[in-house]
Amino acid sequence: MALLRRELTLGAVSDEDRVRWDKRHAGAENLEPGPPALFVSTQELFPTEGQALEIACGRGETAVWLALRGMEVRAVDISPVAIDLAWGLAADNGVDRRCHFDVWDLDDGLPPGPPADLLLCHMFREVALYPALVDRLAPGGILAVAGLSTVGGEPGSFRAARGELREAFRRLDVMVEGEGNGLAHFLGRKPN
Ligand SMILES: C[S@@+](CC[C@H](N)C(=O)[O-])C[C@H]1O[C@@H](n2cnc3c(N)ncnc32)[C@H](O)[C@@H]1O
């Protein structure tokens, strides 16, 4: 009974998330492929070939940018509206054969798929997924995680605590990291 109640509760939370995010994504205009905002200055460190997995990809601007640079991209988000927009953006840019977008609830863990040469999570925090992100990387693969932080920002459940990313991804070789002004980013490589 307790398990059933927990499943119902989780389902309800994800449904609410989906509806809320569908509303936010609807009506988005003038989408352009581009690097994730918190990695603009380090974008050249991102790979240009191999398999990319982006989680909570939103409307696909970064996924399509990665495909235009040469990667095969799988990207997921809970919002069907966002996923439709992402497919459209990929088609408009001629890379829909190199992209695959799916509706996926990350409360259920990562989607199945091959080891990733790049795994990207931008502006979405789910601490329970951190170990799976590392496990999913191919040897030599790069993890890019960035989002809100309590460092120089408000407290809040969407925000990474001080040192959270460094600690969670300590098995990786740090390429770039930083936290401040309410933001945190981490780019690391899995040892071969
Ligand atoms: C702040 S947006 C970030 C979007 C994109 N990564 C970016 O940086 O522009 C957070 C994204 O997480 C997605 N999301 C929220 N909860 C989710 C869940 N449980 N599973 C998958 N995606 C989820 C939302 O639909 C939204 O696109």
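Not measured: the values here are computed from a predicted model.

A. A nonpolar patch on the surface, seen in detail. On the surface, a cluster of nonpolar side chains totalling about 370 Å² of accessible area is made up of Met-123, Leu-148, Phe-158 and Leu-183. Along the chain, Met-123 falls in the loop between strand E4 (116-122) and helix H4 (130-136). Exposure remark for Met-123: the relative accessible area of 45% places this residue in the partly exposed category.

B. The sheet that holds strand E5 (residues 137-148), seen in detail. Sheet architecture is open: 7 strands sit in the order E3-E2-E1-E4-E5-E7-E6, paired in mixed fashion. Edge positions in the sheet fall to strand E3 (99-103) and strand E6 (173-180), since each has one partner strand and no second. If you compare each strand with its neighbour and ignore which way they point, the axes differ by 10 degrees on average. On the sheet, helix H3 (residues 80-92) packs against strand E2 (72-77) and E3 and is oriented at approximately 170 degrees with respect to E3.

C. Geometry of H3. Spanning 13 residues, H3 covers 18 Å between terminal C-alpha atoms, matching the ideal 18 Å at 1.5 Å per step. Residues of H3 that are buried include every one of Ala-82, Ile-83, Ala-86, Leu-89 and Ala-90, and no others. Down the axis of H3, the buried set is contained in an arc of 120 degrees. They therefore lie on one face. Pointing more than 90 degrees away from the buried face of H3 are the exposed residues Asp-84 and Asp-92.

D. The arrangement of the pattern of salt bridges in detail. A full pass over the atoms with the stated rule returns 10 salt bridges. Between Arg-18 and Asp-15 there is a salt bridge whose closest N-O contact spans 3.7 Å. Of the two residues, Arg-18 and Asp-15 both sit in helix H1 (residues 2-25), 3 residues apart, roughly one turn of that helix. According to the relative accessible area criterion, Asp-15 is partly exposed, its value standing at 43%. A salt bridge links Arg-166 to Glu-177; the shortest N-O distance between them is 2.2 Å. One end of the pair, Arg-166, is in helix H5 (residues 164-168); the other, Glu-177, is in strand E6, with 11 residues separating them in the sequence. You can call Arg-166 partly exposed: its relative accessible area is 42%. Among the charged side chains, a network of salt bridges with common partners joins Asp-15, Arg-18 and Asp-22.

E. Quick peek at the pairing of E2. Where strand E1 (residues 51-55) lies against E2, 5 bridges are found, and the strand directions are parallel. Counted as the bridge partner of Ile-55 is Val-76 from E2. Regarding topology, helix H2 (residues 61-68) serves as the crossover connection from E1 to the parallel E2, and that connection is right-handed. A crossover links E2 with its parallel partner E3, the connecting element being H3, and its sense is right-handed.

F. Up close: the site of the ligand. Around the ligand there are 17 residues in total, and His-25, Ala-56, Asp-77, Leu-106 and His-122 lie nearest to it. Measuring from an oxygen atom of the ligand, one finds a side-chain N or O atom of His-122 at 2.7 Å. Taken by itself the ligand offers 590 Å² of open surface, and the protein chains cover 83% of this. Counting residues per element, the shell around the ligand draws most heavily on H1, at 3 residues. Class assignment for the residues of the shell around the ligand results in 8 nonpolar, 4 polar and 5 charged.

Analysis parameters
As a convention, each chain's residues are numbered from 1 in the sequence order in which they are written. Where totals are concerned, whole chains, interfaces and linings use all residues; where local detail is concerned, this predicted model gives features only for residues with pLDDT of at least 70, and gives and counts side-chain atom pairs only at 80 or more. Hydrogens and water molecules were not included; the side-chain quantities draw on all heavy atoms of the structure. Exposure above 30% relative accessible area and the lack of any salt bridge qualify a residue for a patch; like charges then connect within 9 Å, and the nonpolar side chains Val, Leu, Ile, Met, Phe, Trp and Tyr within 5 Å. To measure how exposed things are, a 1.4 Å probe is used in the Shrake-Rupley method; for residues, cover is taken only from the protein chains shown. A side-chain nitrogen of Lys or Arg and a carboxyl oxygen of Asp or Glu constitute a salt bridge if their distance falls within 4 Å. Counting from the N terminus, the helices are the DSSP runs of H or I reaching at least four residues and the strands are the DSSP runs of E reaching at least two. Each residue is assigned to one of three classes by its accessible area relative to the maximum for its type, calculated with a 1.4 Å probe on protein chains only: buried under 20%, partly exposed between the two thresholds, exposed over 50%. Strands pair, by our definition, only if DSSP identifies at least two bridges between them. Lines fitted to C-alpha atoms define the axes here, with helix axes fitted over just the stretch in contact, and angles between the N-to-C directions of these axes take values from 0 to 180 degrees. Any two residues whose heavy atoms approach within 4.5 Å at even a single point are treated as in contact. The length a helix should cover is 1.5 Å for every residue beyond the first. Read the arc as the range of directions from the helix axis to the C-beta atoms. Handedness of a crossover: with both strands directed away from the viewer, a clockwise path from the first strand across the helix to the second marks it as right-handed. Near is defined per residue: the residue qualifies when any heavy atom it owns lies within 4 Å of the molecule or strand. Pairs of N or O atoms are called polar contacts if they sit within 3.5 Å, as long as, within protein, a hydrogen donor faces a hydrogen acceptor (for residues adjacent in sequence, only side-chain-to-side-chain pairs). Ten residues, namely Ala, Val, Leu, Ile, Met, Phe, Trp, Tyr, Cys and Pro, are considered nonpolar, four, namely Asp, Glu, Lys and Arg, are considered charged, and the remaining ones, Gly among them, are considered polar.

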